[in-house]
Amino acid sequence: MVERSPVVGLLALQGDFDAHRKALAERGVESVEVRVPSDLDGVAGLVLPGGESTTILKLMEGTGLDSRLVDLVRAGLPVLATCAGVILLAREVRHPAQRSLAVLDILVERNGYGRQIDSAVVDLEVADPAGLGSATLEGVFIRAPRVTEVGEGVRVLAKRGGDPVLLQQEKVLAATFHPELTDGSPVVDLFVRILSALG
Ligand code: GLN
């Protein structure tokens, strides 16, 4: 699917980065684990996995990774952020509030689906089949954040019960669910297409 072989950086401080490595490898895309800023040298894209955003933020402290990530996202690096990764990128985080990299123009509430239904596999409403490249989409949600505000430059590609759950801002693709846990997910396919478009 990919002509040149782009190498994707996987933020590997904590969380389910290995599932992303496998999903990318199945599509012929190589990845490297990222723990310090120099691991990002030469990457053609970036994956911010799910996990525990508070822990990931703490582990980033003092490494210089956070400011390097902000610079790369602002420079237009393709990014796939899932669940905690979306919380890291959001403009504002509530419930509870925590700091973030503030490069994706959305507001999120952590654990926004409550304790009773905190994890679920849901058929999503595809808002933009052409943008996604598929009319159907499954979402695996694990203590997912809820997106409560979306800025003008952000396209909503899919929803769950009216809430935006898959969003695109330029080359940043953000899923509040876990596409890496669904075999053959069109979300990972779309990320690979965004990467390939680098030519
Ligand atoms: N609830 C987690 C957080 O707030 C995110 C859960 C996930 O990434 N699966 O960081």
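What counts and how
Residues numbered from 1 in each chain as written. Predicted model: local features only at pLDDT ≥ 70, side-chain atom pairs only at ≥ 80, totals over all residues. Heavy atoms only, no water. Buried < 20%, exposed > 50% of the residue type's maximum accessible area, 1.4 Å probe, protein only. Helix = DSSP H or I, 4+ residues; strand = E, 2+ residues; numbered from the N terminus. Polar contact = N/O pair within 3.5 Å; in protein donor to acceptor, adjacent residues only side chain to side chain. Near = heavy atom within 4 Å. Areas by Shrake-Rupley, 256 points an atom, 1.4 Å probe, with all protein chains shown as cover. Nonpolar A, V, L, I, M, F, W, Y, C, P; charged D, E, K, R; others polar. Pairing = 2+ DSSP bridges. Axes fitted to C-alpha atoms, helices over the stretch in contact; angles between N-to-C directions.

(A) Looking closely at helix H6 (residues 186-196). Among the 11 residues in H6, 8 count as buried, and that is most of the element. The N-cap of H6, judged by a side-chain oxygen 3.1 Å from the amide nitrogen of Val187 a few residues on, is Ser185.

(B) Spatial organisation of the site of the ligand. Taken together, Gly50, Gly51, Glu52, Ser53, Cys83, Ala84, Ile87, Arg110, Asn111, Ile142, Arg143 and His178 make up the full set of residues adjacent to the ligand. In this structure, a nitrogen atom belonging to the ligand sits 2.9 Å away from a main-chain N or O atom of Ile142. Here the ligand loses 98% of its free accessible area of 300 Å² to cover by the protein chains. For the shell around the ligand, a count of residues per class yields 4 nonpolar, 5 polar and 3 charged.

(C) Molecular detail of the pairing of strand S4 (residues 79-82). Residues Val79 and Ala81 line one face of S4 and the alternating positions Leu80 and Thr82 line the opposite face, and both faces are buried. Relative to S4, strand S3 (residues 45-48) runs parallel, the two being bridged by 3 bridges. Across the sheet, Leu48 pairs through a bridge with Ala81, a residue of S4. Pairing geometry for S4 and strand S13 (residues 172-175), over 4 bridges, is parallel. Across the sheet, residue Leu80 finds its bridge partner in S13, namely Leu173.

(D) Structural detail: the sheet that holds strand S5 (residues 90-94). What the 3 strands build is an open sheet, ordered S5-S6-S10; its pairing is mixed. Looking at the sheet topology across the chains shown, the edges are occupied by S5 and strand S10 (146-150). The mean angle between the axes of side-by-side strands here comes to 25 degrees, regardless of whether they run parallel or antiparallel. Two elements, S5 and strand S6 (residues 104-109), share 4 bridges in a ladder whose sense is parallel. Counted as the bridge partner of Val93 is Val108 from S6.

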